[in-house]
Amino acid sequence: MKLRYYRELRNLSQEELGNKIGYSRFGILNLEKGFNPIYYEEALRLGSTNEDSGVLVVYFSATGTTKGVAEKIAGITGADTYEIKAAQEYTDA
């Protein structure tokens, strides 16, 4: 996730985004730098800061599990989805 890109696209400082989702400025910095992972609940809170639905949830799902999660996040946040498809089909082997 390019959190910094989307934060800057919305003209939000790290502190402003942190206030919206319950994080400190340093917490946002750690997410942006990749020091801390972004968990499902955090992704939902981040998506809920999107006032104009300019968000795209991009996913790859070999078995359908990730597709379900991506669609749930998109439904809650009002985002669009885009599925990345394998150039060659996966086999069970």
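Residues numbered from 1 in each chain as written. Predicted model: local features only at pLDDT ≥ 70, side-chain atom pairs only at ≥ 80, totals over all residues. Heavy atoms only, no water.

1. Regarding the packing of helix H2 (residues 14–21) against helix H3 (residues 25–33)
Consideration 1: The geometry of H2 relative to H3 is characterised by a closest axis approach of 8 Å and an angle of 100 degrees between their N-to-C directions. Compared by their axis directions, H2 and H3 come out roughly perpendicular. Contacts from Gln14, Glu15, Leu17, Gly18 and Ile21 in H2 reach Arg25, Ile28, Leu29 and Glu32 in H3.
Consideration 2: Grouping the constituent residues of the contact of H2 with H3 by class yields four nonpolar, two polar and three charged. (Axes fitted to C-alpha atoms, helices over the stretch in contact; angles between N-to-C directions. Helix = DSSP H or I, 4+ residues; strand = E, 2+ residues; numbered from the N terminus. Parallel < 35°, antiparallel > 145°, perpendicular 65-115°, else oblique. Contact = heavy atoms within 4.5 Å. Nonpolar A, V, L, I, M, F, W, Y, C, P; charged D, E, K, R; others polar.)

2. Topic: the environment of Arg45
Consideration 1: Turning to its location among the elements, Arg45 is positioned in helix H4 (residues 40–47).
Consideration 2: Judged by relative accessible area, Arg45 falls into the partly exposed class, the value being 33%.
Consideration 3: In this structure, the C-alpha to C-alpha distance between Arg45 and Gly22, residues 23 residues apart in sequence, is 8.9 Å.
Consideration 4: The residues contacting Arg45, other than those within four sequence positions of it, are Ile21 and Tyr23. (Buried < 20%, exposed > 50% of the residue type's maximum accessible area, 1.4 Å probe, protein only.)

3. What about H3?
Consideration 1: Those residues of H3 not exposed but buried are Gly27, Ile28, Leu31 and Glu32. Projection of H3 onto a plane perpendicular to its axis shows the buried side chains occupying an angular sector of 135 degrees, all on one side. Summarising the geometry of H3, the exposed residues directed more than 90 degrees from the buried face are Phe26 and Lys33.
Consideration 2: Gly34 lies just past H3 and shows a positive phi near 85 degrees. (Arc of directions from axis to C-beta.)

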